[in-house]
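# Summary of the model geometry
Each chain is listed here by its residues.
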Amino acid sequence: METEALIHTLADDATPVGRLLPPERRALLWLALTTVYLAGAVLAIGLRPDIAEAVGDGRTLIETGAALATGILAAMAAFCAACPGRPVWERALPLPALVLWFGLLAESALEAWTGAPRQAVTMHADFAGLLDLSLLGVPPAVLLLAMLRRGVPIVPVVTGGLAMLAVASLIAAALRFIHPEDASVMLLVWQFGPVVLLSLLGAVIGAPLLPWPRSRLRSTSDRPTSSG
Amino acid sequence: MRAAQDGDRLAYTQLLHELAPVLRRVIRRNWRNPQEVEDLVQDVLLSLHVARHTYDPDRPFLPWFMTITRRRLADAARRAARRDAYENVCATLPETFLLAPANMEQESRDDAMALREALVVLAPGQREAVELLKLQGLSLEEASAASGKSVAGLKVAMHRALKALRLVFDGDD
């Protein structure tokens, strides 16, 4: 097909389009829905018995705040990454909060490991927490991916990773209200660790789950597009 | 672009016409194979079409457009790399196929290449006569006007060129 003919075909197909909302607004919408969902999940599962002490503990609050900030900023970054022409630095939005979160947990874990007598620091498998994080994350992850597919992910690997980072971080923050586990070593391994793993998984599956949209021209042959 | 998003087809056509030459220049600078440039131009225009709902009219158009262009070029480069990994580009096959229609395209390509090589041995005036009269298909008067030579001069040059070409091709045989 000649380019001139393609231009006329595209112009014939140029019906009015519904503009995508700015990424900040779409992120806020997703965050609002996810917050409602997580609040309901936390109440349904039940708050931890020592919630009053946990909320009063400054360290726990800061760590939970860092997790929340990571999730919120990662969601913003994911929606920005699905819009062509946005500044590249927006993709690094969650990095400071993520580093802070990791730093807090690592510092606390190091203190616990080196300061206390060895026998006072115990590690145990927390598969229940891991399962909760994975299962609780499914609905917000599905919603987030569906919303991101409305955009055009320029680098789907990055968008997928940011999306899963957002979901996993928010779930990890919510779990602090459910699981009475405050040992930093445990949190580092069984909550922060899965967050990193799920983010990497998101990056791996980003390309097939967030492909370049296919054209639906009314006339002419459909040119193949690549998800890259 | 804002007008195009609202369904203004004239504005959209004008925009695409303005973008096409820009795209060609950008892609020629960044793509090795010149034969694929037009395909890539069309690919980017089509990609712009499917992504037009993502353009924010409050933001500059060029970064949006260039991001899409770079992304599609990267995708094309990946496809080309995958294709090159399992394909070998064959040189022109020297064999003749059984069915006559199958030969024609291949042999006409071979003939065109042989003619181009043979033209090199001609004198400049003879080469010019062949190009104007035989390759471009001009009449004697038109060729005379184009070259500034007389009709008689072109006839003589053409006659000598054909003699020389006959020697070249007979020598090949």
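Per chain, residues are indexed from 1 in the order of the written sequence. Here chains are named by letter from A upward and ligands by number from 1 upward, in the order in which they appear as written. Local features are withheld for residues below a pLDDT of 70 in this predicted model, meaning they are given only at 70 or higher, and side-chain atom pairs are given and counted only at 80 or more; totals for whole chains, interfaces and linings count all residues. Water and hydrogen atoms were dropped before computing side-chain values, which therefore reflect all heavy atoms in the structure.

## Regarding the overall build of chain A
Note the following rule: The helix count covers DSSP runs of H or I at least four residues long, the strand count covers runs of E at least two residues long, and both are numbered beginning at the N terminus. Here the term buried applies to any residue with accessible area under 20% of the maximum for its type, exposed to any over 50%, and partly exposed to those in between, with areas from a 1.4 Å probe on protein chains only. Contact between two residues is taken to exist if any of their heavy atoms lie within 4.5 Å; hydrogens are not considered. Areas reported as accessible are Shrake-Rupley estimates using a 1.4 Å probe. Residue values count occlusion only from the protein chains shown.
In terms of regular secondary structure, chain A is built from 9 helices and 0 strands. The order of α-helices and β-strands along chain A, N terminus first, is α-α-α-α-α-α-α-α-α. In chain A, which comprises 228 residues, the proportion classed as buried is 48%. Within chain A, residue pairs in contact and separated by at least 24 positions form 84% of the contacts whose partners lie at least 6 positions apart. Only carbon and sulfur atoms are counted for the fraction: they give 71% of the accessible area of chain A, which is about 10700 Å².

## Digging into the side chain of Ser144 of chain B
Along the chain, the position of Ser144 of chain B falls in helix H7 (residues 140–147). Excluding anything up to four places from it in sequence, Ser144 of chain B contacts Lys149, Ser150, Val151 and Leu154 of chain B.

## Quick notes on the interface of chain A and chain B
Just so we agree on the cut-off: Counted as salt bridges are all cases of a side-chain nitrogen of Lys or Arg within 4 Å of a carboxyl oxygen of Asp or Glu. Within 3.5 Å is the distance limit for a polar contact, defined as a pair of N or O atoms, with the added protein rule that one can donate a hydrogen and the other accept it, and that residues adjacent in sequence qualify only through two side-chain atoms. Residues are grouped as follows: Ala, Val, Leu, Ile, Met, Phe, Trp, Tyr, Cys and Pro are nonpolar; Asp, Glu, Lys and Arg are charged; all remaining types, including Gly, are polar.
The interface of chain A with chain B comprises 41 residues on the first partner and 37 residues on the second. A salt bridge links Arg19 of chain A to Asp6 of chain B, with the nearest nitrogen and oxygen atoms 3.2 Å apart. Counting every contact that joins chain A to chain B gives 16 residue pairs in polar contact (both at pLDDT 80 or more). At 8 residues, helix H1 (residues 3–12) of chain A tops the list of elements feeding residues into the side of chain A that touches chain B. Considered class by class, the residues forming the side of chain A that touches chain B number 20 nonpolar, 11 polar and 10 charged.

## With respect to a nonpolar patch on the surface
Residue and element names in this part refer to chain A. The condition is simple: Like-charged residues are merged into a patch within 9 Å and nonpolar side chains (Val, Leu, Ile, Met, Phe, Trp, Tyr) within 5 Å, provided each residue has over 30% relative accessible area and no salt bridge.
Residues Leu43, Leu47, Val55, Leu61 and Phe177 make up a contiguous nonpolar surface patch of about 460 Å² in total accessible area. The residue Phe177 is located in the loop between helix H8 (156–175) and helix H9 (184–209) in this model. In this structure Phe177 comes out as partly exposed when scored by relative accessible area, which is 33%.

## Considering helix H7 (residues 138–148) of chain A
Worth spelling out the cut-off: The arc in question is formed by the directions pointing from the helix axis toward the C-beta atoms.
The complete set of buried residues in H7 of chain A reads Pro140, Ala141, Leu144, Leu145, Met147 and Leu148 of chain A. When H7 of chain A is viewed along its axis, its buried side chains cluster within an angular range of 160° and face the same direction.

## Focus: the nonpolar core
Formally: Among the buried residues, those of types Ala, Val, Leu, Ile, Met, Phe, Trp, Tyr and Cys that are joined through side-chain atoms within 4.5 Å form a nonpolar core.
Ranked by internal contacts, the top residues of the largest apolar core, which has 49 residues, are Trp30, Phe79, Trp101, Leu133, Leu144, Leu148 and Ile171 of chain A. Looking at this core, the elements with two or more residues in it are helix H2 (23–45), helix H4 (58–81), helix H5 (95–115), helix H6 (127–136), H7, H8 and H9 of chain A. Element by element, the count of residues in this core is highest for H8 of chain A, at 13 residues. If sequence neighbours within four positions are ignored, Trp30 of chain A has contacts with Ala75, Phe79, Pro140, Leu143, Leu144, Met147, Ala166, Val167 and Leu170 of chain A. Membership of the second largest hydrophobic core comes to 35 residues, among which are Leu15, Ala20, Leu23 and Phe61 of chain B.

## Quick notes on the state of the cysteines
Residues and elements named next belong to chain A. Which entries qualify depends on this criterion: Working definition: a disulfide is two cysteine sulfur atoms within 2.5 Å of each other.
Taken as a whole and judged by the stated rule, the model has 0 disulfides over all chains. There is no disulfide at Cys80, and the cysteine sulfur nearest it, in Cys83, is 6.9 Å away. You can call Cys83 buried: its relative accessible area is 8%.

## Some remarks on the side chain of Gln5 of chain B
Secondary-structure assignment places Gln5 of chain B in helix H1 (residues 2–5). The class of Gln5 of chain B is buried, set by a relative accessible area of 0%. Leave out the neighbours within four places in its chain, and Gln5 of chain B touches Thr15, Pro16, Val17 and Arg19 of chain A together with Arg52, His53, Tyr55 and Pro57 of chain B.

## With respect to the packing of aromatic side chains
Put simply, the rule reads: Stacked, tilted and edge-to-face pairs are distinguished by plane angle, under 30 degrees for stacked and over 60 for edge-to-face with tilted covering the rest, among Phe, Tyr and Trp rings (Trp via its six-membered ring) whose centres lie within 6.5 Å. The rule is short: NZ of Lys or CZ of Arg within 6 Å of the ring centre and within 35 degrees of the ring normal puts a charge over the ring.
Applying the stated rule across the entire model yields 6 aromatic pairs over all chains. Consider the rings of Trp101 of chain A and Phe192 of chain A, whose centres lie 5.0 Å apart with planes at 85°: the pair is edge-to-face. Residue Trp101 of chain A is located in helix H5, and its partner Phe192 of chain A is located in helix H9; the two are separated by 91 residues in the primary sequence. Note on accessibility: Trp101 of chain A and Phe192 of chain A belong to one class, buried. Ring geometry for Phe61 of chain B versus Trp64 of chain B: centroids 5.7 Å apart, planes at 40°, classification tilted. Here Phe61 of chain B and its partner Trp64 of chain B are both found in helix H4 (residues 61–86), 3 residues apart, which amounts to about one turn of the helix. Note that Arg72 of chain B overlies the ring of Trp212 of chain A, its terminal NZ or CZ placed 5.0 Å from the centroid.

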